[in-house]
Structures are given as structure tokens and as C-alpha cells.
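Close look at the chain arrangement
Read off the chains here:
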Amino acid sequence: MDFLKNILSFNGLAVLTAFLFFQSCSEKSPYPGFQQNENGLWYKKITEYPADTLPNETDILSVHMKYGTADSIIYDSKKKGMHPMRMVLMPSNYKNDVYEGLKMMHRGDSMVFLTSADSFFLKTGNVKRLPELFKSGDMMYFYVKMHNIETEEQMNAQKAIWVESLKNSEEGRINEYIQKNNITEDPTASGIYVHYKKKGNGIRPHVGDQVNLHLDIYLIDGSLLYSSRQKGKPWEIILGKRFDTPAASEIISMMSKGSVVHAVAPSSMAYGEEGRGTMVPPYTPLLYDMEVLEIIPEKELKKVRDAEIKKKEIDKEKAKKEEPVKIQEYIRENNITEQPRESGLYFVEQVPGTGPMAENGRKLKVHYTGMLLDGTIFDSSLDRGQPYEFVLGAGRVIDGWDEGLALMRVGGKARLIIPSALAYGPNGSGAIPPYAPLIFDVELVDME
């Protein structure tokens, strides 16, 4: 009895000692409830289902993943419509990243991992700066549920079985839909069922005509893929040019102005045996709801386009004549006393630089804000939080920049008033119209 009592006393002491030890460790841990693996990765097991093997690199994982801070979630695969999401287990690209955590999980496990927010966004995410929710040095919380682990061979074998089942069932799915929705029309030679909800007036479009229409596209199970009505803008297509699928072009060719149709197209006239990414599975019939709003014959369309081209040329010529006047108005209204350089560039120094003078062939780092003369901002490096880098004099920027930045010292700020001849000239670029003089506020941050 004394022996048993001594054993119990010893065991009790051991349990108490262990409890106090782990309690002490948890109090010292910066992340209560978490423990570290041999490489220092912080993790916490929620549920565990030990299996014979852990995943290997290149295995395909089916997971539910969400991540964020300890209090806020910024990404949830379920809310993105992925139930679960599939991903390839990649080699780690920094110490204690999420891939290292995934390598610790069996099928069915649920775990939480902590990893550096800086490293995740800058190295794995390839973004330039942290989201506002994080600051440098913060840890990210990854919540992961491992649904399945497959090798590439296993996944391909399962996919082949799935694709074959879709192929074998396609005709049955179409027939079931036709019967359920009381579509009595015979299919076209290509297999498309076209049901007219409303007959239109006038002739059908010919190849080369422009057709303006509303278009909704669904999978045969009713899942919406696209809706021009939801986008708030009808489609404008040229019949005969590649547009969506062969089915869409064939259906449109059968319609006249005012026609409203509901059509069922087999996969052979849609995305076929390949499907379309994650949106359209292989061998999937599509449903089309279409309404033709307007048909513009090719001859009339040519007249409209010719008129638009003529108007653009007139507007260009007008802008060319007005450019020097607008520049002088800007100079006068902004009390600029500097004289233009021989090229027409105005260089207005705002803060003299104290560093070395910019040199051709050297890489410059420049913060800038680009504006039209009316003050409309069309681009700014400040919005991206990253200075623009280029080699001075190498012809990689507009001539006005190469000339203007060559007049600056590192640390300096200036305003460049650049005539269109030193910018984007008679054609413009994007939001910049033809013959548009530009204003750039620039800061020469550094030179390498």
C-alpha cells in the first residue's frame, strides 16, 4: 500500500510539474495556444486525422482556406465560390511560409498557421506594399481545412472519368431540358434549339452588319455566366467576326430587329470537350437569351465610320492649331516667368536638389504626377507608393522627360510643361488626346 501511495504521489508530482512547465511556456509564448515546429513555424491543431502519409510537393491539395489578422478575415475561399479550392503544393519561397504548414497536414486535418505578412504579400503575393490592415512585422493567420490530397496522376485519372461521364450524359441533359421547358422547335443542322419568344420585323443581319443586342448566357443547370443587362450595356458585334461561340453567331444570324429568343446549344457549338476554365465544364450545353435591338447594315456602318474618322481628323487639326494658344494661356494664368527652352519645354524648378546632377545612362528614380492643362490627373506614381525607374537618355520615356529630368539634381522638384511634340504628339495615348500639352510635377528621388 505504501508502495502504491508513493507511486501515486510521484505521478501526481510529475503531472503537476508538467502542468506548471507548460503553463509557464504558454505564458511566455507570444501566441497563446500555438506551438512551433522544428523550423520555428507557429501552428495550432484544431482537428487531426492522422494518416499514413503527408503531402509531397507537386501534389494537388483540396482545401478550404481563409486568412487575415487574428480579428479580421480578408480572404475566404468559400466566399469566392471555391468549395473547396484546389492548389498545387509548391516549394516554400520563404522560411515558415504557408506551404511549409500545408506539408504538416493529413487529409481531414484543420490547422491554423502564422506567417510573416511582409513575406507573404511581397514574396508569395508579389505585391508592392502591404494592405492597410497590416503593418510591417505583423503576422498573418492562415486557417486551413485539408479536404483531400492527390497526386497529379490520381487527379488526371479522376478528371478523365468525370469528363467521360459528362460526354455520355450531354444528350440526355439536353433532352431533359427540352421536355421540361416545352421546347417544340426542331434543332438546326448544328444541333441548336431556337425558341422564339417574340418575332422581330425586317430582314436578318448579313455578314459585316453590326448587331446591337442584349445577351444572357447560362449553363444548362441555370447558372448565370454573363448578362449584358446586368452590365447595363448591350453588345455591339459585327456578324461574321469571332464572337463568343459559334452557337451565338448562328443564333444571331437567324434573328431580326426586335426578335427575342431562348436557345439551347450543344457543347459542340460552345466550348466543346475542353470547356472554359472553371466557368464551363467540358461537354456542357449552354443556354442563350437574346434580344436584337438594332441592325446596322455594313454600307450604313461604313458611312458612320467614315464620318467618325473625318470628325477625328477635324478635331485633331483644331487641337493642333489651339495647342500653342492654350500653352500661352496656361503660362499667363499661372504667372510663370521662365522662358521656354529651344524645344518648347518649360522647366519650372520648385525645390532645388542638393544631390548629384542627373546623368545620361544612369538609372533615375522619379515620383511624378501627370496632368492635362485643365488639371485632370491621368497618372501618378504617388498612388502606387513606388517611384518610377528609367535610364535617362535611353529613349524609354517621352522626350520631354529625358530633357527635363536632365536639368535636375537628386532631391529636387520641378514642374515640366511639355508640348505635345515632346510627349504623345498627333495621336495621343489612352486618356491623353491628340496634340495635348502635358504638365508633370516630378521629384528626382534617387540616381543609381
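Keep in mind it's a predicted model, so treat the numbers as computed, not measured.

**Notes on helix 6 (residues 246-253)**
- For helix 6, the full list of buried residues reads Ala-247, Ala-248, Ile-251 and Ile-252. Taken end-on, helix 6 shows its buried residues confined to a sector of 130 degrees, consistent with a single buried face.
- Structurally, helix 6 contributes buried residues whose contacts are with strand 8 (193-198), strand 9 (210-219), strand 11 (235-238), strand 12 (260-265) and strand 13 (286-296).

**Quick word on unusual backbone geometry**
- Despite not being glycine, Tyr-283 shows a phi value in the positive range, around 50 degrees.
- Mapped onto the elements of the fold, Tyr-283 is located in the loop between strand 12 and strand 13.
- Overall, the relative accessible area of 14% leaves Tyr-283 in the buried class.

**A short note on the pairing of strand 2 (residues 42-47)**
- Bridging between strand 1 (residues 35-36) and strand 2 involves two bridges; their strand directions are antiparallel. Paired with Gln-36 across the bridge in strand 2 is Trp-42.
- As consecutive antiparallel partners, strand 1 and strand 2 are separated by five residues, and within that stretch Gly-40 has a phi angle of approximately 100 degrees, a positive value.
- Of the pairings in the sheet, the one linking strand 2 to strand 6 (residues 110-116) comprises five bridges and is antiparallel in character. Across the sheet, Lys-45 pairs through a bridge with Met-111, a residue of strand 6.

**A closer look at the packing of aromatic side chains**
- What the rule picks out here adds up to 19 aromatic pairs.
- Here Tyr-67 and Phe-120 contribute two aromatic rings whose centre-to-centre distance is 5.3 Å and whose plane-to-plane angle is 65 degrees, an arrangement assigned as edge-to-face. With Tyr-67 in strand 3 (residues 60-68) and Phe-120 in helix 3 (residues 117-124), this pair connects stretches of sequence that are 53 residues apart. Across this residue pair, the class does not change: Tyr-67 and Phe-120 are buried.
- Geometry around Tyr-196 places Lys-199 over its ring, the cationic atom sitting 3.8 Å from the centre.

**Re the environment of Gly-393**
- Positionally, Gly-393 belongs in the loop between strand 17 (388-391) and helix 8 (399-405).
- C-alpha of Gly-393 to C-alpha of Gly-361: the two residues are 32 residues apart in sequence and 6.2 Å apart in space.

**Considerations on the pairing of strand 3**
- Within strand 3, eight of the nine residues are buried, which leaves it mostly tucked inside the rest of the structure.
- Relative to strand 7 (residues 139-150), strand 3 is paired through nine bridges, and the arrangement is antiparallel. Bridge pairing in strand 7 links Met-65 to Val-144.
- Pairing analysis gives three bridges linking strand 3 to strand 4 (residues 73-76), with the strands arranged antiparallel. Counted as the bridge partner of Gly-68 is Ile-73 from strand 4.

**Here we look at the side chain of Asp-402**
- Its place among the elements puts Asp-402 in helix 8.
- Among the polar contacts made by the side chain of Asp-402, one reaches the main-chain amide nitrogen of Gly-393 at a distance of 2.9 Å.
- With sequence-adjacent residues up to four places away left out, Asp-402 is seen in contact with Phe-390, Val-391, Leu-392, Gly-393, Ala-394, Gly-395 and Val-397.

**Topic: the environment of Tyr-99**
- Here Tyr-99 lies in helix 2 (residues 98-102).
- Classification of Tyr-99 as buried rests on a relative accessible area of 14%.
- When the C-alpha positions of Tyr-99 and Glu-403 are compared, they lie 49 Å apart, and in sequence the two are 304 residues distant.
- Apart from residues no more than four positions distant in its own chain, Tyr-99 is found in contact with Met-87, Val-88, Leu-89, Met-90, Pro-91 and Ser-92.

**Quick word on the side chain of Glu-170**
- Inspection of the secondary structure assignment puts Glu-170 in helix 4 (residues 152-180).
- Within the buried set, Glu-170 has no salt-bridge partner at all; the shortest N-O distance to an opposite charge, 5.3 Å, is to Arg-173.
- Not counting the four nearest positions on each side in its chain, Glu-170 is found in contact with Pro-266, Ser-267, Tyr-283 and Pro-285.

**Re the confidence of the model for the protein**
- Summary statistics for the protein give a mean pLDDT of 89 and a share of 94% for residues scoring 70 or more.
- pLDDT under 50 marks residues 1-27. Its contacts with residues more than four places away, or in other chains, come to zero contacts.

Rules and cut-offs
Residues numbered from 1 in each chain as written. Predicted model: local features only at pLDDT ≥ 70, side-chain atom pairs only at ≥ 80, totals over all residues. Heavy atoms only, no water. Buried < 20%, exposed > 50% of the residue type's maximum accessible area, 1.4 Å probe, protein only. Helix = DSSP H or I, 4+ residues; strand = E, 2+ residues; numbered from the N terminus. Arc of directions from axis to C-beta. Contact = heavy atoms within 4.5 Å. Pairing = 2+ DSSP bridges. Phe/Tyr/Trp six-rings, centres within 6.5 Å; stacked < 30°, edge-to-face > 60°. Lys NZ or Arg CZ within 6 Å of the ring centre and 35° of its normal. Polar contact = N/O pair within 3.5 Å; in protein donor to acceptor, adjacent residues only side chain to side chain. Lys, Arg positive; Asp, Glu negative; His and termini not counted. Salt bridge = Lys/Arg side-chain N within 4 Å of Asp/Glu carboxyl O. pLDDT = per-residue confidence, 0-100.

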